[in-house]
Amino acid sequence: MAKKSNSYVIIYTIILTVVCGSLLGFASQALKPFKEANEAFDTKKNILGTAIDLTGKSAKDVEKIYTDNVIASYVVDASGKKLDIGVDKVSVPDEYVKPLAERKLPVYELADPAEPGKTAYYVFPMWGFGLWDSIWGYVALKADLATIQGTVFLHKGETPGLGARIAEDEIQSRFKGKSILEGGKLAVVEMQKGEGNDYSGEPHKVDGMSGATITARGLNDMLKQYFEAYKGYLSSKGNQKMSLITQ
Amino acid sequence: MAENTATAEEVKEIISEPLFSKKNRKLVTDPLDGDNPITVQVLGICSALAITAQMKPALVMGVAVVFVMCCSSVVTSLIRNTIPSSIRIVVQLAVIATFVIVVNEILLAFVYDVAKDLGAFIGLIITNCIVMGRLEAFATGNKPWPSFLDALGNAFGYAIILLIVAFFRELLGAGSLFGFKVFEAIGLDYQGNGLMLLPAGAAIVVGLLIWAQRSWNGYVEEA
C-alpha cells in the first residue's frame, strides 16, 4: 500500500488509536487502587483540616487523628433526618446536580484532640462552580452550629494567583469566626468585592480576593446554597440543643 | 560507481559511529547551554513561569518532561519511516499525549500532592513547544539513539532552567528550599518577597538568567 494513499493513512490512524488507547486503559486500570487510596486519604485530610492543625503531620499521623477524632459520620436529608447509608456511599458532586430538597447530605462530627470523645465541630462538605470549573470544600462549624471554625476550599481549574487562591490557608482562614446566623435565621457569609478591607467586626462579611470576583461569587453561592440545604439538619440539632434556628 | 562507493562509505561510517561520538555528545551538551530551549530558543516559557514557585514541583515537572521527551522521541524515531507525512503532527501529538497521560496517572498514584500542585501543567506538556519542536525537527529525521540523546539534552536543558528559577523563587519568595525553611534554620528572620512567588517574579528571574548566560557565553541573537 502506498504511504500517501488514503487507506494507508486511515489504517495507520486506526492502529495508532488502538495501540495508544489500550496502553492508556491498561495504565489507568493498573494504577486505579493507588489513586483511589490517595483520594480517600485526601478527603480525610481535608475534613480534618477544617478544624485541626495538620502542619507537619505525616500520612500515618493524619490517619490516626482521623480515626481518633472523627467520632461520627452520617448522611442526612433536607429535613435533617438521618438516612440509613454510609458517607462513603454518597458522592457530593453527584448530589450537587439534584434539587436542594432531594440531596443526600453527609455530616462529620469531629472532636477536638484536646477533648477526645466530645463533638466539638460539625463538618459539611460542599460543591459549587467557580469561574472555570468546579470548586468544592469543607466547612466546619463550632458546636454552637453557628460559628465557622474553619474552611478548606479546593478547585479544579481556577486561575493560578487569582481564583486559585481559595485553596490557600490565608484565604480560608478569613472565614474563621464568621457566623451563619443572624437573629435566629440563616445569614449569608459573603466574600466581599475588593481586598485589604478590615471586616473583623462584621460577622457575615469576608475580605475579598482582588482579581477573582467571579470565583468569590461562586464560593458565596456555594456557602449560601449548602447552608440552605443543611438548614433542616441545623434546626433539628438546634431544637434539641439550644434552639438557635427558630424558623 | 563513484557515487555508490561514497554511499557505502557513508553507511559504514554511520554503523561504526561510536555511541558517544563527538557529534552525539554535542546533541546532549548543546541544549544545556549554547542552544538551551528556554534561555536561547525561548520555548516552554509558559510552564517555566507557572510551576517554578517551589523546587519540588519544578523537579517533578523536569523529570516528567525528561521522561516524556525521551520516550516520545525514541518512539517517533522508530516509526518515522511509516508515518504518513500528511498526518505526522497528529501522530506526534498522539505519541506525546499517550506518554503525558501515563505520567499523570503515575503521579496521581504515587505523589498525589505534587500531582495536585502541578494540576493542568502536566497535561500541558502535550503542548510544550520543546517536545513537539524536537520531534518535528529531529526525531522524524534521525535514528532512535541520536533522537534519544537530543531529547535528553533538550529536556535536561529545560529542567535545569526550571530548577535554577525555582531555587531563586522559593528561596527569596518563601525563604525555603524543598519546603525546608533555610533562613529559619540558620537563625535569620526573613520576610518572604511575595513578588517572587507570582509569575512576574519568574519572568524577572528568567530574564536575569538569560542576561547572565549571554554575557557569559557571548551569545548574540542573529538578525
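Residues numbered from 1 in each chain as written. Chains lettered and ligands numbered in written order. Predicted model: local features only at pLDDT ≥ 70, side-chain atom pairs only at ≥ 80, totals over all residues. Heavy atoms only, no water.

### What to know about the environment of Pro37 of chain B
All names here are of chain B.
At step 1: Tracing the chain through its elements places Pro37 in the loop between α2 (22–29) and α3 (45–50).
At step 2: The spatial distance from the C-alpha of Pro37 to the C-alpha of Gly157 is 6.5 Å, given a sequence separation of 120 residues.
At step 3: Among residues more than four places away in sequence, those in contact with Pro37 are Pro31, Val42, Leu43, Ile130, Asn154, Gly157 and Tyr158. (Helix = DSSP H or I, 4+ residues; strand = E, 2+ residues; numbered from the N terminus. Contact = heavy atoms within 4.5 Å.)

### Examining the nonpolar core
At step 1: Ranked by internal contacts, the top residues of the largest apolar core, which has 54 residues, are Met61, Val68, Leu118, Ile122 and Ile125 of chain B.
At step 2: Counting only elements with at least two residues in this core, the list comes to α1 (6–49) of chain A together with α4 (55–78), α5 (88–110), α6 (112–118), α7 (120–123), α8 (129–137), α9 (144–174) and α12 (199–217) of chain B.
At step 3: Among residues more than four places away in sequence, those in contact with Ile122 of chain B are Met61, Ala64, Val100, Asn104 and Leu107 of chain B.
At step 4: With 36 residues, the next largest nonpolar core counts Met126, Ile135, Ile171 and Tyr233 of chain A among its residues. (Core = buried A, V, L, I, M, F, W, Y, C linked by side-chain atoms within 4.5 Å. Buried < 20%, exposed > 50% of the residue type's maximum accessible area, 1.4 Å probe, protein only.)

### Side note on unusual backbone geometry
At step 1: Positive phi is not limited to glycine here, since Leu145 of chain A has a value of about 55 degrees.
At step 2: Residue classification places Leu145 of chain A among the buried positions, given a relative accessible area of 5%.

### Quick look at the sheet that holds strand β2 (residues 82–83) of chain A
Residues and elements named next belong to chain A.
At step 1: Spatially, the six strands line up as an open sheet ordered β2-β1-β3-β4-β5-β6, and their pairing is antiparallel. This sheet does not close on itself; its edge strands, each paired only once, are β2 and β6 (148–155).
At step 2: Relative to strand β5 (residues 134–142), strand β4 (residues 115–129) runs antiparallel, the two sharing nine bridges. The residue of β5 that forms the bridge with Tyr121 is Lys142.
At step 3: Running at roughly 125 degrees to β4, helix α5 (residues 213–229) makes contact with β3 (105–112), β4, β5 and β6 of the sheet. (Pairing = 2+ DSSP bridges. Axes fitted to C-alpha atoms, helices over the stretch in contact; angles between N-to-C directions.)

### Some thoughts on the packing of α5 of chain B against α8 of chain B
Angle between the axes and distance between the axes: these two values describe a pair of packed helices.
Residues and elements named next belong to chain B.
At step 1: For the pair α5 and α8, the least separation of the axes is 11 Å and the interaxial angle reads 130 degrees. As judged from the angle between their axes, α5 and α8 are oblique. Two packed elements cross with a definite hand, and for α5 against α8 that hand is right-handed. Here α5 contributes Arg88, Ile89, Gln92, Leu93 and Ile96 to the contact with α8, which in turn contributes Val131, Met132, Leu135 and Glu136.
At step 2: Tallied by class, the residues present in the contact of α5 with α8 amount to six nonpolar, one polar and two charged. (Parallel < 35°, antiparallel > 145°, perpendicular 65-115°, else oblique. Left-handed = near helix turned anticlockwise from the far one by under 90°. Nonpolar A, V, L, I, M, F, W, Y, C, P; charged D, E, K, R; others polar.)

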